[in-house]
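Below, each chain spelled out in residue letters.
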Amino acid sequence: MAKAGRDEERRTFAEEADSLWLITFAGSIWAVHFVLCYGATAAVCAKLGGDAAAIATLRLALGGFTLLALAGIALVAWRSWVQWDFLDDWDYEHDMAEKEDRHEFLGHASFLISIISFIGVIYVSLPVLVLETCQ
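> Mind showing me how you'd approach the overall build of the protein chain here?
A count of helical and extended segments in the protein chain gives 4 helices and 0 strands. The proportion of buried residues among the 135 residues of the protein chain is 30%. Across the protein chain, every contact between residues at least 6 apart in sequence was considered, and the portion connecting residues at least 24 apart equals 75%. For the protein chain, the exposed surface amounts to about 8,900 Å²; the carbon and sulfur share of it is 70%.

Structure (C-alpha cells):
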C-alpha cells in the first residue's frame, strides 16, 4: 500500500517537473536575448566604431534574433495556456492542494511569465530600431 502511494507520488512529481521547466524557459529566453543584444552592440561599437555597414548588419541580426526570441516565448505561452486549461472550466483560482490545481497553477504562472518576457524582449529591442550610430 505504501509502495503504491510512493509510486503515485513519483509519477505526479515527474509530470510536474516538466511544468517547472516550462516556467523557466520564457524568462531564460528573455535573459539570453538581453545579454546577446547588449553584448553584440557593445562588441560591434568597441571593435568597429561607427561603421555604418556594421551597424546595419547588427540591426538586421538583432532583429532576426528578436523575432526568434518572440517566437520561442509565444511557443512557451501557448504550451502554458494549454496546461492552464482556462477555457475548459474558466477557473483561475488554484487554491486547493490537489493535483489538478497544482498542474493548472504552474500553467497559469508560466503563461503570465511568458507575457512579461514577451514585453521585456520588445522593450530590449526598441533601441535596435533607432540605433544609427554608436554615439
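> Just checking my understanding: could you explain the packing of aromatic side chains for this structure?
The way to describe two aromatic rings as a pair is by their centre distance and the angle between their planes. Counted according to the given criterion, the structure contains 4 aromatic pairs. Ring centres 4.8 Å apart and planes at 40° place the aromatic pair Phe-34 and Tyr-38 in the tilted group. With Phe-34 and Tyr-38 both in helix H1 (residues 2-48) and 4 residues apart, this pair spans about one turn of that helix. Residue class for Phe-34 comes out partly exposed when judged on its relative accessible area of 40%. A relative accessible area of 43% places Tyr-38 in the partly exposed class. With a centroid separation of 5.4 Å and 90° between ring planes, the pair formed by Trp-81 and Trp-84 is classed as edge-to-face. Taken together, the residues Trp-81 and Trp-84, both in helix H2 (residues 52-84) and 3 residues apart, mark about one turn of the helix. Joined through ring pairs, the aromatic side chains of Trp-81, Trp-84 and Phe-111 make up one cluster.

> Explanation requested: the environment of Phe-25 in the structure shown.
Structurally, Phe-25 is set in helix H1. Measuring from C-alpha to C-alpha, the distance between Phe-25 and Val-76 comes to 7.1 Å, with 51 residues separating the pair along the chain.

Cut-offs used in this document
Residues numbered from 1 in each chain as written. Predicted model: local features only at pLDDT ≥ 70, side-chain atom pairs only at ≥ 80, totals over all residues. Heavy atoms only, no water. Helix = DSSP H or I, 4+ residues; strand = E, 2+ residues; numbered from the N terminus. Buried < 20%, exposed > 50% of the residue type's maximum accessible area, 1.4 Å probe, protein only. Contact = heavy atoms within 4.5 Å. Areas by Shrake-Rupley, 256 points an atom, 1.4 Å probe, with all protein chains shown as cover. Phe/Tyr/Trp six-rings, centres within 6.5 Å; stacked < 30°, edge-to-face > 60°.

Treat this as a map of the structure, not an account of what it does.
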